[in-house]
Amino acid sequence: MRVLAEVHRRDGYPVNWPGRPHEWLSQASLLGAWVAELGGRLVGHVSLSHSGEGDLAPGLWSERSGTSEDLAAVVSRLFVAPQARGHGIGALLMGRAAEEARRRGLHPVLDVVVSDTAAAALYERLGWELMATVEQRWSPSQLVAIHCYAAAS
């Protein structure tokens with residue numbers, strides 16, 4: 001949670017700091033989670049889960065592929081400590097989560113806020129396909145633009 005707090009202070013991710021960060025990291029629909037170490041220090045995290053409330057990408061992928069939304073797996077909670085960036089850690093974590101999704105017979109998808117341009121650039125460099133950009137209401141006073149991506153087939 002120390003690394004997550006550091007990323008939040010520097011980059012504003014997650015947009016809304018969770019009241020219980022440990023629960024946010026270990027969501028109920030979790031299929032797996034991985035961390036990265038560099039020089040013996042924890043520097044990154046990613047998780048893979050079933051589609052949950054508020055996930056937009058699984059439904060879009062389902063519509064496009066003509067298959068069940070249950071065949072998608074959501075890659076989320078990706079972050080890398082600012083001092084550890086530039087070592088390919090984000091790409092390695094994304095690759096591990098996508099590999100696990102495929103091993104389970106699921107297609108990896110994700111949602112990311114439009115303002116997180118560095119994350120979107122990473123996904124596109126890795127060959128993920130932008131399916132749509134939509135607005136999502138997170139609260140009565142918070143409307144957020146979201147990019148929805150799917151891993152290449």
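Residues numbered from 1 in each chain as written. Predicted model: local features only at pLDDT ≥ 70, side-chain atom pairs only at ≥ 80, totals over all residues. Heavy atoms only, no water.

1. Considering the sheet that holds strand 5 (residues 129–139)
Thought 1: Spatially, the six strands line up as an open sheet ordered 1-2-3-4-6-5, and their pairing is mixed. Two strands close off the open sheet at either side, each with one partner strand: strand 1 (30–38) and strand 5. The average undirected angle you get between the axes of adjacent strands in this sheet is 30 degrees.
Thought 2: The sheet contact formed by strand 5 and strand 6 (residues 142–150) spans nine bridges and is antiparallel. What sits directly across from Leu130, in strand 6, is Tyr149. (Pairing = 2+ DSSP bridges. Helix = DSSP H or I, 4+ residues; strand = E, 2+ residues; numbered from the N terminus. Axes fitted to C-alpha atoms, helices over the stretch in contact; angles between N-to-C directions.)

2. Considering the environment of Ile146
Thought 1: Residue placement: Ile146 occurs in strand 6.
Thought 2: The exposure class of Ile146 is buried, given its relative accessible area of 3%.
Thought 3: Along the primary structure Ile146 and Ala57 are separated by 89 residues, whereas in three dimensions their C-alpha atoms are 9.5 Å apart.
Thought 4: Ignoring sequence-local partners within four residues, the contact set of Ile146 consists of Leu56, Asp111, Val112, Val113, Val114, Ala132, Thr133, Val134, Gln136 and Trp138. (Buried < 20%, exposed > 50% of the residue type's maximum accessible area, 1.4 Å probe, protein only. Contact = heavy atoms within 4.5 Å.)

3. Regarding helix 1 (residues 2–11)
Thought 1: Among all positions in helix 1, only Val3, Leu4, Ala5, Glu6 and Val7 are buried.
Thought 2: Of the residues trailing helix 1, Gly12 is marked for its positive phi of about 75 degrees.

4. Points about the packing of aromatic side chains
Remark: the centre distance and the inter-plane angle together describe each pair of aromatic rings, the angle taken between the planes.
Thought 1: For the structure shown, the criterion picks out three aromatic pairs.
Thought 2: Measuring from centroid to centroid gives 5.9 Å for Tyr13 and Trp24, while their planes differ by 65 degrees, and the two rings are edge-to-face. Linking Tyr13 in the loop between helix 1 and helix 2 (21–25) with Trp24 in helix 2, this pair joins segments that are eleven residues apart in sequence.
Thought 3: Residue Trp24 is classed as buried on the basis of its relative accessible area, which comes to 16%.
Thought 4: Each ring, one from Tyr123 and one from Trp128, has its centre 6.4 Å from the other, and the planes form 45 degrees; the classification is tilted. Each of the two residues, Tyr123 as well as Trp128, counts as buried.
Thought 5: One Lys or Arg, Arg77, reaches over the ring of Trp24 and ends 4.1 Å from the middle of that ring. (Phe/Tyr/Trp six-rings, centres within 6.5 Å; stacked < 30°, edge-to-face > 60°. Lys NZ or Arg CZ within 6 Å of the ring centre and 35° of its normal.)

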